[in-house]
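Commentary on secondary and tertiary structure
One letter stands for each residue in the lines below.
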Amino acid sequence: MSKKIKLKIVDTLNKLYNSFEGVDSLIIEVNRTTDTSHGDLYTNVAMKLAKLLKRSPMLIAEEITKNIGAMDSVEKIEIATPGYINFFLTKSNKFNELNRIMSDDLIILKENNKKNVHIEFVSANPTGPLHIGHGRGMVVGDITARFLSYQGHSVNREYYVNDAGRQIDLLLVSVLLSYLNKEDHIFSDEKESDEGLLVTYKGLYIKDVSNIISSVLKDIDSQKVLSLLNEPIDALIKFLKKHKNYLNIRKSLVDVIINDYIKEDLSSVNISFDSWYFESELYKTGLLKQILIDLDNKNLSYKKDGALWFKNTKFGEEKDRVLVKSNGDMTYFATDIAYHAHKFKHYDLLIDIWGADHHDYAARLTNAMKALGYDVDNRLQIHLIQFANLIRGGESISMSTRSGNFYPLQDLVKEIGCDATKFFYLTKKKEQHLEFDVDLAVEKNKNNPIYYIQYAHARIKRIVDDLKQQVIEKEVLNNLNTKNENQLIELINLYQDTVNKSIREIRPDIITNYLYKLSQVFHSYYAETKIISPEIKGEKIVLIKCVDKIILNGFQLLDIEPMDVM
RNA sequence: GCGUCUGUAGCUCAGCUGGAUAGAGCGUUAGCUUCCGAAGCUAAAGGUCAGAAGUUCGAAUCUUCUCAGGCGCUCCA
């Protein structure tokens, strides 16, 4: 509708002010009003013209209004100080939208330029169950993938598994200690001091893991292991790495963590991945080596203090960064460069969903990929997700994996349910810090937004079911005229644009907020108006069915299950 | 110190491609059940949009600076 009006305005301006310079390059805006007393749509074009024409905006507005001619669906046009032109749309135009939605005719705008998109998210180290610290990135990553595919892109969700780094060795040591009933052992060089950080993993799941892979662990010489316990931890790791079955042991361990823990956690929130890429592949295929050679060829690395460094300062950054440590180990940076090179080969667009604490690292990686000749400006997006602070009983819940003192994701899901978990993580845009009130999410009252929306659906469902057998009077939508009815109609008319904005900008919070607002007006309407009355008014049924349709559609887009009965 | 995100009602947040009187929910206060689910509804009070300057006919929105908070500035992951 706003497009039609825009065209009309352009015509009118051409007719009236053709001779003035700059008029044809003017950007015509037709937007929704914030107040229904100003009509439905307005344009500020008269105010913009005032300067070019050197005349008062009110006079220009008047002139445009006189010359614009009649339009379908526009009931009247008004002007208002200091120069707004307000368009009032006809009721029937708005009712058309109700009918359109009832006939399942929502249009999700597809992207013309369809891409092969790779999205990497979660990618937590496979060292234990996922916890609430992973929750937000996981849910946001999943919704990002969904929204991109709604846009028409082909999307591959991948979990990058760090199965070759030091953390896995530490996990192996932890599991081995448990196998030997030495789970409380602390190595002499474990840093326990400052922030209570431990090096080995102490969670309760370690015992279970050691049981599951005991047949593999028994191949390790336990006498030798015990004899190394009083040495620094690296002596033991060195010994393990020399074991002839080291790679197989490591693989069994990682497989257990992924299959028995991480995949379970993911399925508890109905999230799944299309592919799993293992860091160890980068070693096996030689990709990692090749990247280091490439960097060297481009003169982007150098040796210092026994380590290999990337010339990050060349890109305006503060300091250079290590690629290969002096002990020969790769840093995450090096493997990530290789991994991204791999992704660039197979996909048009790469998206990484990372915690906001990685923003510095994001710049570093972007620099490196750019230096290697990849078009990072158009093909690499790193979405940084701000932290979520989970609060229960007025206190923050901590989330460290290593100490074992963490709050598993599955506990949260058990506590508040899969849908509430998702919904709460999606209510804020990603750059906003999120206060996640766990107590609120389990409440069964209007304070809890997800509950409130579900409740609206349940109420409508009940009415519709009750009416199944009854004869309903023919719909005359024109009878809808109360304040709440008008508000619902306005909101319904906004839904199509809301959805498209939400999907285009990858902003699920726009939908969650909309649904909440819609439910609010519905509950108000419900309390005020009796839908089922002796002579049943069909138009009211159409109205609430339409509300329900939108709730169900919004839930579907967000992958949330509606509850018919609360 | 540098980088980055944030700052809107007591609390949690919308609004940000500049537009008309800055909006919700919670909390507070006062009301509402012969009737489709009161797990609800209605209403009131509550604001220097962190501060300052600038651009503009017009700024919560754009620019610059200042202040405050989160996060990051490891051969950590």
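Keep in mind that this is a model prediction, so the values were computed, not measured. (Residues numbered from 1 in each chain as written. Chains lettered and ligands numbered in written order. Predicted model: local features only at pLDDT ≥ 70, side-chain atom pairs only at ≥ 80, totals over all residues. Heavy atoms only, no water.)

1. Observations regarding the domain arrangement of chain A
To keep things clear, this is the line we draw: Bear in mind that the domain bounds are from an automatic or database domain assignment.
Each domain of chain A was delimited in the assignment, giving domain 1 (2-89) and domain 2 (449-558). Between domain 1 and domain 2, the C-alpha centre-to-centre distance is 33 Å.

2. Some details on helix α10 (residues 233-242)
Worth spelling out the cut-off: Whether a residue is buried, partly exposed or exposed follows from its accessible area with a 1.4 Å probe, protein chains only, as a fraction of its type maximum: under 20%, in between, or over 50%, in that order. Runs of H or I in DSSP of at least four residues are treated as helices and runs of E of at least two as strands, each being numbered from the N terminus. Directions drawn from the helix axis to the C-beta atoms are what define this arc. Throughout, a residue-residue contact means that at least one pair of heavy atoms, one from each residue, lies within 4.5 Å.
Looking only at α10, the buried set comprises Ile-233, Leu-236, Ile-237 and Leu-240. Angular distribution of buried residues about the axis of α10 spans 100 degrees; they occupy a single face of the element. The exposed set on the far side of α10, more than 90 degrees from its buried face, consists of Lys-238 and Lys-242. Of the surrounding secondary structure, the elements contacted by the buried residues of α10 are α6 (166-179), α9 (222-227) and α11 (246-268).

3. Re the protein's contact with RNA strand B
The condition is simple: In these notes, residues near a molecule or strand are those with any non-hydrogen atom within 4 Å of it. The term polar contact refers here to a pair of N or O atoms within 3.5 Å; inside protein, the definition further demands a hydrogen-donor-capable atom paired with an acceptor-capable atom, and it admits residues adjacent in sequence only when both atoms are side-chain atoms.
What surrounds RNA strand B is a group of 59 residues, the closest being Tyr-84, Lys-319, Tyr-332, His-359 and Lys-446. At a separation of 2.7 Å, a phosphate oxygen of RNA strand B approaches a polar side-chain atom of Lys-429. In the model, a base nitrogen of RNA strand B is placed 2.4 Å from a nitrogen or oxygen of the Thr-529 main chain. Put simply, the parts of the chain that give the surface near RNA strand B at least two residues each are α2 (45-53), β4 (84-89), α6, β9 (307-310), β10 (321-324), α15 (359-371), α20 (449-466) and α22 (508-528).

4. Description of the environment of Ile-551
Mapped onto the elements, Ile-551 comes out in helix α23 (residues 538-558). Separated by 74 residues in sequence, Ile-551 and Leu-477 place their C-alpha atoms 21 Å apart.

5. Some thoughts on the nonpolar core
Note the following rule: Side-chain atoms within 4.5 Å are what join buried Ala, Val, Leu, Ile, Met, Phe, Trp, Tyr and Cys residues into a set we call a nonpolar core.
Ranked by internal contacts, the top residues of the largest apolar core, which has 117 residues, are Val-122, Leu-130, Leu-390, Leu-412, Tyr-425 and Phe-436. By residue number, the principal contributor to this core is α23, which donates 11 residues. In contact with Phe-436, not counting residues within four places along its chain, are Asn-389, Leu-390, Ile-391, Leu-412, Ile-416, Ala-420, Thr-421, Phe-424, Tyr-425 and Ala-441. Counting residues in each nonpolar core, the second largest holds 32 residues, with Leu-287, Leu-308, Tyr-347 and Leu-380 among its members.

6. Brief notes about the pattern of salt bridges
Where we set the bar: Take a side-chain nitrogen of Lys or Arg and a carboxyl oxygen of Asp or Glu: if they are within 4 Å of each other, that pair is a salt bridge.
Within this structure, the stated rule accounts for 26 salt bridges. Note that Glu-63 is salt-bridged to Arg-55, the shortest N-O span being 3.3 Å. On the basis of relative accessibility, which here comes to 32%, the residue Arg-55 falls in the partly exposed class. Close ionic contact of Arg-146 with Asp-559 constitutes a salt bridge, the shortest N to O distance being 3.1 Å. One end of the pair, Arg-146, is in helix α5 (residues 132-150); the other, Asp-559, is in the segment after α23, with 413 residues separating them in the sequence.

7. Some words on unusual backbone geometry
Glycine aside, a negative phi is what most residues show, and trans is what most peptide bonds show. For the bond running from Thr-81 to Pro-82, omega is 0 degrees, close enough to zero to count as cis. In this structure, Pro-82 sits in the loop between β3 (74-80) and β4. With a phi close to 55 degrees, Lys-54 is a non-glycine residue in the positive phi region. A positive phi angle, near 50 degrees, is found at Ile-506, a position not held by glycine.

8. Things to note about the packing of α2 against helix α3 (residues 57-67)
Basically, it comes down to this: All axes are obtained by fitting lines to C-alpha atoms, using only the stretch in contact for helices, and the reported angles, taken between N-to-C directions, cover 0 to 180 degrees. For any pair of crossing helices, the crossing counts as left-handed if the nearer helix is rotated counterclockwise from the farther one by less than a right angle, and right-handed if it is rotated clockwise. Note on residue classes: Ala, Val, Leu, Ile, Met, Phe, Trp, Tyr, Cys and Pro are nonpolar, Asp, Glu, Lys and Arg are charged, and everything else, Gly too, is polar.
Following both chains from N to C, one finds α2 and α3 inclined at 115 degrees, their axes separated by 8 Å at the closest point. Crossing of α2 against α3: the hand is right-handed. Here Val-45, Ala-46, Met-47, Leu-49, Ala-50 and Leu-53 of α2 come into contact with α3, specifically with Pro-57, Ile-60, Ala-61 and Ile-64. Partitioned by chemical class, the residues of the contact of α2 with α3 number 10 nonpolar, no polar and no charged.

9. A few points about the environment of Val-547
Mapped onto the secondary structure, Val-547 falls in helix α23. We classify Val-547 as buried; its relative accessible area is 0%. As for Val-547 and His-457, which are separated by 90 residues in sequence, their C-alpha atoms are 8.4 Å apart. When near neighbours in sequence (up to four residues on either side) are disregarded, Val-547 contacts Ile-460, Leu-488, Ile-492, Leu-518 and Phe-522.

10. Re the sheet that holds β10
Pairing between sheet strands relies on hydrogen bonds along the backbone, with the strands arranged either parallel or antiparallel. Test applied: In this description, strands pair whenever DSSP reports at least two bridges between them.
Taken together, the 3 strands give an open sheet; going across it, the order is β8-β9-β10, and neighbouring strands pair in antiparallel fashion. Looking along the sheet, the strands with just one partner apiece sit at the ends: β8 (301-304) and β10. Across the sheet, the axes of successive neighbouring strands diverge by a mean angle of 45 degrees, strand direction being ignored. Judged from the 3 bridges that link them, β9 and β10 form a sheet pairing that is antiparallel. Residue pairing in the sheet places Leu-308 in a bridge with Val-324 of β10.

11. A short note on the sheet that holds strand β13 (residues 388-392)
Spatially, β14-β13-β15 is the arrangement adopted by the 3 strands of the open sheet, whose pairing is mixed. This sheet does not close on itself; its edge strands, each paired only once, are β14 (395-396) and β15 (434-437). Where β13 meets β14, 2 bridges bridge the pair, whose relative direction is antiparallel. Residue pairing across strands places Arg-392 opposite Glu-395, the latter belonging to β14.

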